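Spelled out from the first residue to the last, the chains are:
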Amino acid sequence: MGKTLGFSRFRAIVSALFLLVRFASVPISALEYSVRPPSWPGEAAIQASQRGLDEIEAIPTRLAACPVCAFRLQIPEPDRLMRRPTGDGAAAGSIPWRMDAAERDADGCPYPGPGRLAFQADVVLCPSCGYARAADRFEERTPPELSVWTLETLRPALRVFQREFLGARGAEISETELMAFFGRQEYLPDALRLEHARATSEAFSEPYLVRARIAWLAAWAIRRELAGPPRGESLRRLTEKVRETVRRAIGKTGKTGKLAALDFPLPGADVAVRRVSLPFPERLAAPVVLAGLLNRLGLRAEAVAELASAAGVFAERFVRPEQDPLWTATAVTNRNTRRREELEAIRREAEKEILTRIDMARREGEYLEQAIELIRQGFLVGECDGDWETADFLAYLAGEFLRRIGNLPLAAEWLKNLAVLVSHDSVLGQAVENRLEIIREQAGERINLLAALGQDGDVFMKLREIHSSDVEATGK
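Model, not experiment: these values are computed from the prediction. (Residues numbered from 1 in each chain as written. Predicted model: local features only at pLDDT ≥ 70, side-chain atom pairs only at ≥ 80, totals over all residues. Heavy atoms only, no water.)

**Quick notes on the overall build of the chain**
The helix and strand inventory of the chain stands at 13 helices and eight strands. Buried residues in the chain amount to 50% of all 476 residues. Sequence-distant contacts in the chain: of pairs separated by 6 or more residues, those separated by 24 or more amount to 67%. When the accessible surface of the chain is summed, it comes to about 22000 Å², and 52% of that surface belongs to carbon and sulfur atoms. (Helix = DSSP H or I, 4+ residues; strand = E, 2+ residues; numbered from the N terminus. Buried < 20%, exposed > 50% of the residue type's maximum accessible area, 1.4 Å probe, protein only. Contact = heavy atoms within 4.5 Å. Areas by Shrake-Rupley, 256 points an atom, 1.4 Å probe, with all protein chains shown as cover.)

If you want it as C-alpha cells, here you go:
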C-alpha cells in the first residue's frame, strides 16, 4: 500500500492544512479510502439509479392525510424517480427508492451526487404533528395511545424547531402559514425527519433490527449535515470561501486524487508541498470545514475539539471593531455603525451555529450507540437466524459504529470475530481488514486492544451459530 499516515500525525497535518492550508507529499487518509465499503446484502444486484432532477418537472407526490392529526400533506413517491434496470432486471416490478451515493463513508453513509434527490424521501414527516414513518406505511391506522404520544411529545418540539428555523419571521406567522411553508418534504431537514422516525419506531416497538436501521439513518443524516455547509448565511459564506480557495490552489497541480468530505483534489505522492494563504475571516471559519471531514473519518472527538475551538474564537470581542479579524468580512460600503452591527451579527450567528453542530455531533454518537445495542438484541432474539449474510453485514456495521464512538477495543473485538468467518477475498472481508488496520493506526500505543476480551461473547457465539446452521442447511 505504500507509505501511510498514522492518525496522530494525520490529524496534525490536517490541522496545519487549514491554518496554512498545507498538503503533505503523501496522500492523506490513504488507508481510509483504499477499500470500498460493503453494501447491504442483495443491494448490489439491483442495477438501478436515480434519475437526475433535470430530467423531471417536479418530485412525484400523492396527497394523503396524516393518521394522527388528519393534516393533508404531499407524500413523495420516490420509486418513480428510479431508472429501470437493464438486462434481466428490465421486467422487474417497482424499483425501491434508495438514496443516491456518489460517495460513501466506511459504514455506508451515502452522499448524493449533484442533481440527485438529497433527502431521505422514503420516510415521511408530518409538518403538523411530527409523526414520521416509512412512506409506504405512513397512512396505516395508528393506535390511539401512539397518536396521543405524538401530539404531546413530538408536536411541541417540532413547533419550536420550525419557528427557530424561520428566525424572526417564525415568531410572527400563523400556524396555517407555518404548515404551508413546511408543506413539502424537501423543506424539512433530514436530521429532523430521521430523528422523529427513530422516536416513532421506538414507540411502535418495531423489531430490533428495524429500529437499528432507523437509528443509524438518523446518525447518517446528522453526519451529512455536519459535512455540508452551515445554515447561517454569514458562516456559510466564509466556509464556502475556504472551500473555493483550496479548490483553486490545488486545482493548479497536475496529478490529483479526491479528499472525500470536501471534494478537494489531492496532490499525488510526486507533487511537492503547496501552501495557500487564507484571509483571517476564512481562517477563523476553516475549523468548521475541518470538523466535517474529521467526523466523516470517524474522528468525532477531534471534530468536536475543532468546533469547540471555533466556538471560542467567535465568542471573542475586541475593544475596537477595527481590531476584529472579522471586520473585513463586513460590507465596506456601509457606515461604521452598520458595520459594527453586521460584525456582531456574524459572531452571534456563527457562535450559535457552531454550538448547534457540537450538539449534533453528540446526538450522532448517541444514535450510533443505540444502533449497536439494537443490533446486539436483534442477534440474540434470532432476527438474523438463517441469514448469515445479513448477520455478517450487521456485525461489520456494529464494529465500525463502535470505532466511531471511540470504543476501539470492542470495535476490534467485533471485527476480529467477523474476520475468521468471512472470506478474505470478499468485499466484506477486505473491508474488515481495512477497519482493523485503521483501528491499529488510530489506537497506536494509547489503547490496549485486549481490554474488550470477554465482552459481547454471547453475540459472537450467536454469529458463529448462524454460520454453522447455514453450513448444515446447505451442506457447503
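Further notes follow.
**Looking at the packing of helix α2 (residues 144-165) against helix α4 (residues 190-203)**
Two numbers describe how α2 lies on α4: the axes approach to 12 Å, and their chain directions differ by 160 degrees. Classified by the interaxial angle, the pair formed by α2 and α4 is roughly antiparallel. Judged by the twist between their axes, the crossing of α2 over α4 is right-handed. For the pair α2 and α4, contact is made by Leu146, Trp149, Leu154, Leu158 and Phe161 and by Leu192, His196, Ala199, Thr200 and Ala203, respectively. Of the residues belonging to the contact of α2 with α4, the class tally is eight nonpolar, two polar and no charged. (Axes fitted to C-alpha atoms, helices over the stretch in contact; angles between N-to-C directions. Parallel < 35°, antiparallel > 145°, perpendicular 65-115°, else oblique. Left-handed = near helix turned anticlockwise from the far one by under 90°. Nonpolar A, V, L, I, M, F, W, Y, C, P; charged D, E, K, R; others polar.)

**Some details on the nonpolar core**
Counting residues in hydrophobic clusters, the biggest one holds 70 residues, and the most contacted among them are Trp216, Phe379, Leu394, Tyr396, Phe401 and Trp414. Here the element with the most residues in this core is helix α5 (residues 208-227); it accounts for 13 residues. Each residue touching tryptophan 216, except ones within four places of it in the same chain, is listed here: Trp40, Ala371, Ile375, Leu394, Leu397 and Phe401. Among the nonpolar cores identified, the runner-up in size contains 23 residues, and Ala285, Val288, Leu297 and Leu343 belong to it. (Core = buried A, V, L, I, M, F, W, Y, C linked by side-chain atoms within 4.5 Å.)

**A closer look at the packing of aromatic side chains**
As enumerated under the stated definition, the model contains eleven aromatic pairs in all. With 5.1 Å between their ring centres and 70 degrees between their planes, tryptophan 40 and phenylalanine 393 make a pair best called edge-to-face. Taken as a pair, tryptophan 40 in the loop between α1 (7-20) and β1 (61-65) and phenylalanine 393 in helix α10 (residues 388-404) lie far apart in primary sequence, 353 residues in all. The buried category is assigned to phenylalanine 393, whose relative accessible area is 7%. (Phe/Tyr/Trp six-rings, centres within 6.5 Å; stacked < 30°, edge-to-face > 60°.)

**Re unusual backbone geometry**
Positioned with a positive phi, alanine 70 is a non-glycine residue whose angle comes to about 70 degrees. By secondary structure assignment, the location of alanine 70 is in the loop between β1 and β2 (72-76). The phi dihedral of aspartate 456 falls on the positive side, at around 55 degrees, and the residue is not glycine.

**A closer look at the pattern of salt bridges**
Summed over all chains, the structure comprises 36 salt bridges. Notably, a salt bridge pairs arginine 83 with glutamate 55, separated by 2.6 Å at the nearest N-O pair. Of the two residues, arginine 83 sits in the loop between β2 and β3 (103-104) while glutamate 55 sits in the loop between α1 and β1, which places them 28 residues apart along the sequence. Of the charged contacts, one joins glutamate 186 and arginine 184 as a salt bridge, the two residues approaching to 2.7 Å between their closest N and O atoms. Judged by relative accessible area, arginine 184 falls into the partly exposed class, the value being 25%. The network of salt bridges with shared partners includes Glu103, Asp105, Asp107, Arg223, Arg296, Glu364, Glu400, Arg403, Arg404 and Arg435. (Salt bridge = Lys/Arg side-chain N within 4 Å of Asp/Glu carboxyl O.)

**Some points on the side chain of arginine 347**
You can see arginine 347 is positioned in helix α9 (residues 336-380). Apart from residues no more than four positions distant in its own chain, arginine 347 is found in contact with Val313, Phe314, Ala315, Glu316, Arg317, Phe318, Asp324, Pro325 and Leu326.

**Some details on the pairing of β1**
Examined bridge by bridge, β1 and β2 share five bridges and lie antiparallel to one another. Within β2, the residue paired with leucine 63 across the bridge is glutamine 74. Connecting the antiparallel pair β1 and β2 is a turn made up of six residues, with alanine 70 showing a positive phi of about 70 degrees. (Pairing = 2+ DSSP bridges.)

**A short note on the environment of isoleucine 405**
Positionally, isoleucine 405 belongs in the loop between α10 and α11 (408-419). Sequence-wise, isoleucine 405 and alanine 301 are 104 residues apart; in three dimensions their C-alpha atoms are separated by 8.4 Å.

**Some points on the side chain of lysine 462**
Mapped onto the secondary structure, lysine 462 falls in helix α13 (residues 457-474). Non-local contacts of lysine 462, meaning those with residues more than four positions away in its chain, are made with Phe379, Gly382 and Asp385.

**Considering α10**
Look at α10: 24 Å from first C-alpha to last across 17 residues, which is about the 24 Å you get at 1.5 Å a residue. Most of α10 sits inside the fold, with 15 of its 17 residues counted as buried. Immediately downstream of α10, the backbone of glycine 406 shows phi near 100 degrees, a positive value. (Expected span 1.5 Å × (residues − 1).)

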